[in-house]
Amino acid sequence: MLVVKDVSKQYGSFSALKNMNLEFSDGVYGLLAPNGAGKTTLIKMLVTLISPSKGEILYNGTNIVDLDEDYRDILGYLPQQFGYYKNYSPMQYLLYLAALKGLDKKNALEKISELLEKVALTDVANKKMKKFSGGMIQRVGIAQALLNDPKILILDEPTAGLDPKERARFRQLLTGLARERLVIISTHIVSDIESIANEVIMIKNQQLLYKDSVGNICNTLDGHVYETSISYERLESFRKQYVLLSEKQEHGSMIVRFVQKGKTEADWIPANPHLEDVFLYEYRDELLTDL
Ligand SMILES: Nc1ncnc2c1ncn2[C@@H]1O[C@H](COP(=O)(O)OP(=O)(O)O)[C@@H](O)[C@H]1O
Ligand SMILES: [Mg+2]
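Not measured: the values here are computed from a predicted model. (Residues numbered from 1 in each chain as written. Chains lettered and ligands numbered in written order. Predicted model: local features only at pLDDT ≥ 70, side-chain atom pairs only at ≥ 80, totals over all residues. Heavy atoms only, no water.)

Draft legend 1. Examining the sheet that holds strand 10 (residues 207-212) more closely. Pairing within the open sheet is mixed, and its six strands lie in the order 6-7-8-3-9-10. Single-partner strands in this sheet number two, and they are strand 6 (75-78) and strand 10. In this sheet, adjacent strand axes meet at a mean angle of 15° when their direction is disregarded. Here helix 6 (residues 134-145) sits on the sheet and contacts strand 6 and strand 7 (152-156); the angle it forms with strand 6, its principal contact strand, is near 160°. (Pairing = 2+ DSSP bridges. Helix = DSSP H or I, 4+ residues; strand = E, 2+ residues; numbered from the N terminus. Axes fitted to C-alpha atoms, helices over the stretch in contact; angles between N-to-C directions. Contact = heavy atoms within 4.5 Å.)

This is how it looks when you write it as structure tokens:
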């Protein structure tokens, strides 16, 4: 069990995270928040690259900093900016990393073949990575994170730069990896984790907003999401009055999906909230300034 206890992180006078309390057991956790929310900061503390300004992170009751090597032995990590060697093949690259981790060559070769099979790169095992697609590079990244068969696997924005097909394939790969392991995946894309996370963690204003199942998080907007058809002319005023989640054209008018917590109108049709709705609603201010 991994426990984040009263953790805050300051960068100089800037508070990146405040009083985070989290508990992780086995399963897939999706860390979902827009850019700049503090996902990488939290992850870097979880992998001991940086230390909390306040609080501590415990693994089975011991501070991970004190566990040192013993903790890193059970940890697999894919950084957001994953550095690799373009002129190496996946096989060469993984052999190199395995040597750094102290695996002997025979065991390393066996393990690497097995991993390349798992991430579907066997065919290109000996090809230079120079010409690989983003998805292929990310799969090499996942393979390197799995070299030591980690109990804890932490992936920081592993789907960045992947096309929808590569994303789907990535989700499949992850569900296979999640058995008897703790997996933490950060992303700012709802669909990456919506279907595979046992729990979703959302950070807002440097603090924990939700840590719950997708269903329970969606329930926070239960009875408040509606769809209705309006004329183009009303769109501007509608945008000002309600939190719009989506708008699409249909037969010369607009179908809008929106959140309203107060008074409703007769021609509004109640909709089942999705995680995307909660995401757009909770981060409406941040996402607006992103545009
Ligand atoms: N080394 C650093 N020094 C100062 N500010 C930082 C540093 N790293 C991150 N930040 C700031 O902390 C906030 C959270 O960043 P980050 O953890 O990278 O968020 P995310 O991964 O969710 O995009 C951002 O405002 C970012 O600019
Ligand atoms: Mg990040």
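Additional details are given in the paragraphs that follow.
Draft legend 2. Structural detail: the environment of Met-20. As for its position among the elements, Met-20 is in strand 2 (residues 14-24). According to the relative accessible area criterion, Met-20 is buried, its value standing at 0%. Considering only alpha carbons, one finds Met-20 and Val-4, 16 residues apart in sequence, at a separation of 6.7 Å. Not counting residues up to four positions away in its chain, the partners in contact with Met-20 are Val-4, Lys-5, Asp-6, Val-7, Leu-42, Ile-203, Gln-206, Gln-207 and Leu-208. (Buried < 20%, exposed > 50% of the residue type's maximum accessible area, 1.4 Å probe, protein only.)

Draft legend 3. Quick look at a nonpolar patch on the surface. A grouping of Tyr-85, Tyr-88, Tyr-96 and Leu-100 is seen on the molecular surface, where their side chains present a nonpolar patch of about 390 Å² in accessible area. As for its placement among the helices and strands, Tyr-96 is situated in helix 4 (residues 90-100). (Patch = residues over 30% accessible without salt bridge, like charges linked within 9 Å, V, L, I, M, F, W, Y side chains within 5 Å. Areas by Shrake-Rupley, 256 points an atom, 1.4 Å probe, with all protein chains shown as cover. Salt bridge = Lys/Arg side-chain N within 4 Å of Asp/Glu carboxyl O.)

Draft legend 4. Focus on the coordination of the magnesium ion (ligand 2). For the magnesium ion (ligand 2), every protein donor is listed as Thr-40 (OG1) and Gln-80 (OE1), and the spread of their distances is 2.0 to 2.2 Å. With Thr-40 in helix 1 (residues 39-46) and Gln-80 in the loop between strand 6 and helix 4, the pair connects residues that are 40 residues apart, well separated along the chain. By relative accessible area, Gln-80 is classed as partly exposed at 33%. (Donors = N, O, S within 2.8 Å, 3.2 Å for Na, K, Ca; no water.)

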